[in-house]
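Close look at the chain arrangement
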Amino acid sequence: MTEPHGGLVAGVDSSTQATKVVLVEPETGRRVAMGRAPHEVTGSEGARESDPESWWTALGIALAETGRAGDVAAISVAAQQHGLVTLDDRRRPVRPAVLWNDTRSGPDADGLVGAWGPDAWADRIGSVPVPSFTVTRWAWLRRTDPAAAERTRAIRLPHDCLTERLCGRAATDRGDASGTGWWSTATEAYAPEVLGLPSVALDQALLPEVVGPGEVVGRVRAEAAAELGLSAGVVVGPGTGDNMGAALGLGIRPGEPVLSLGTSGTAYVVSERRPADPTGIVAGFADATGRFLPLACTLNCTLAVDRVAGWLDLDRAAVAPSGGVVVLPWFDGERTPNLPGASATIVGLRQSSEPGAILMATYEGALVGLLEALDRIAELVGGAAPGAPLTLIGGGANGPVWQATAQRLSGRPIRIPAEPELVALGAAVQAASVLTGEGGPAIARRWSESVAGDRMLEPVPADTEAIERIRDVRTRYVELAAELEAR
């Protein structure tokens, strides 16, 4: 096998909308080059799917765009969590991948929770299944397209799929595995009691091996190297889920809260304690370092703001005080609270209400949901230290209105990292770790210290009046939804 030349590490973020690749010097953390290529997401009425082949094509385009793919010595892939990739006996897709924000498996999630009860799921697995989780998608596929399920000879997550194609080994990591619903944070192993449920009925042999945080998974195969412009023999790291990758790239310590403002919104902290939330609000994920990443996710964040701004023919920054207007921006259903059939709602409109007030209320509605989730995480694991800055990441993090609204609603200092591609950076940290043998958290902290530029916003008093108004509407909506479902 040919040894790779050069000394750069490549971090890959295969997200919902695009693949991003960053090339980094492993000693200093200096970004040398970057490439990007889009994906296509299809579907409507709750369906969200992508062709896994498009992820591989996008990876090649993004690597070529860096102009330095031949200098890569190690590579690791972080990708969108939860997606169900079904492969046949030739490792080709049986059907399009079902993505994390596909809500069609709502009835299957309800059935799985009903099989044990939420307390047992939280205790045994670490999380209560919601329609985002892989196990619910597999149950949905078996119910709605049994022929496709029957043709399936391997099941992968998006990052597993790319890792296996790079090096030929079916492997995943504990972080991404913890979002499937069939891997237990209590036992650090696949859960035969889940795989054996009648609606799941899955042979563990179809699943990838779960490897440790610093383990070398393999080396890039000659065929893959030729397709991607890499050198054969490049070291391949275990990869992880996108949220775990971002947390690793940030180098955050326990007690430092993070909000990710993207297609979805997420709130999380790193924890030494294993979380188990029977309410299902907090997913008790593992992280990419051997610790845990209690996380709550909302399905509607920046795209909701973009949609409302588009309808109103406003620039995203053209906001006005929301006054009494409240928006619950649940256009795609919602995961926190768990209402996959929910729709967006506007409350409090008057003749005097300005279009900018509706837009402002959309920002507020998205952020209050995330801040409520952060409070729940704090209850579970001791969570966010009272004076710790709130770190904003994702596509919305550099938006002035997102920043100011988070500042006003949280009452915390706000940290805006200088590096915009934190998921890819976390994957690069992992690649550097498997290349050098140094621990990932130590690498991330060293890189953070050597690459300056993070911005800090001072705290302002929390806008408790707006928070309580929004929470009241949220509570009433959830109660009404429960009442209608019971009829």
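Scroll up a little and you will see the structure.
Residues numbered from 1 in each chain as written. Predicted model: local features only at pLDDT ≥ 70, side-chain atom pairs only at ≥ 80, totals over all residues. Heavy atoms only, no water.

Once that is clear, we can look at the overall build of the protein chain. Counting its regular elements, the protein chain contains 16 helices and 24 strands. Here the C-alpha radius of gyration of the protein chain, 22 Å, is about what a compact globule of 487 residues would show, namely 23 Å. C-alpha extents for the protein chain along the principal axes are approximately 70 × 55 × 40 Å. Within the protein chain, buried positions represent 60% of all 487 residues. Once local pairs closer than 6 in sequence are excluded, the contacts in the protein chain between residues at least 24 apart make up 74%. Accessible surface, the protein chain: about 18,100 Å² in total, of which carbon and sulfur atoms supply 51%. (Helix = DSSP H or I, 4+ residues; strand = E, 2+ residues; numbered from the N terminus. Rg over C-alpha atoms; globule rule 2.2 N^0.38 Å. Buried < 20%, exposed > 50% of the residue type's maximum accessible area, 1.4 Å probe, protein only. Contact = heavy atoms within 4.5 Å. Areas by Shrake-Rupley, 256 points an atom, 1.4 Å probe, with all protein chains shown as cover.)

Attention now goes to the state of the cysteines. All told, the structure shown has zero disulfides when counted by the stated rule. Counting only cysteine sulfurs, Cys161 is the nearest neighbor of Cys167, a cysteine outside any disulfide, at a range of 12 Å. (Disulfide = S-S within 2.5 Å.)

Attention shifts here to the nonpolar core. Trp138, Trp182, Leu202, Tyr268 and Trp447 are the most contacted members of the largest nonpolar core, which totals 66 residues. Here this core takes ten residues from helix H14 (residues 422-436), the largest share from any one element. Leave out the neighbours within four places in its chain, and Leu202 touches Trp138, Ile155, Trp182, Leu195 and Leu207. Of all hydrophobic cores here, the second largest spans 49 residues; its members include Leu259, Ala267, Leu328 and Leu390. (Core = buried A, V, L, I, M, F, W, Y, C linked by side-chain atoms within 4.5 Å.)

Going through the model one piece at a time under the given rule, you end up with five aromatic pairs. Summarising the aromatic geometry, the rings of Trp116 and Trp121 are spaced 4.6 Å apart at their centres and angled 40° between planes, so their arrangement reads as tilted. Trp121 sits in the buried class, given a relative accessible area of 0%. With centroids separated by 5.0 Å and ring planes inclined at 90°, the aromatic side chains of Trp330 and Tyr477 adopt a geometry described as edge-to-face. Separated by 147 residues along the polypeptide, Trp330 in the loop between strand E20 (326-328) and strand E21 (345-347) and Tyr477 in helix H16 (residues 464-486) bring together distant segments of the chain. For the pair formed by Trp330 and Tyr477, the shared burial category is buried. The side chain of Arg124 reaches across the aromatic face of Trp116, ending 4.2 Å from its centre. Seen from the ring of Phe292, Arg174 lies directly overhead, with NZ or CZ sitting 5.4 Å from the centre. (Phe/Tyr/Trp six-rings, centres within 6.5 Å; stacked < 30°, edge-to-face > 60°. Lys NZ or Arg CZ within 6 Å of the ring centre and 35° of its normal.)

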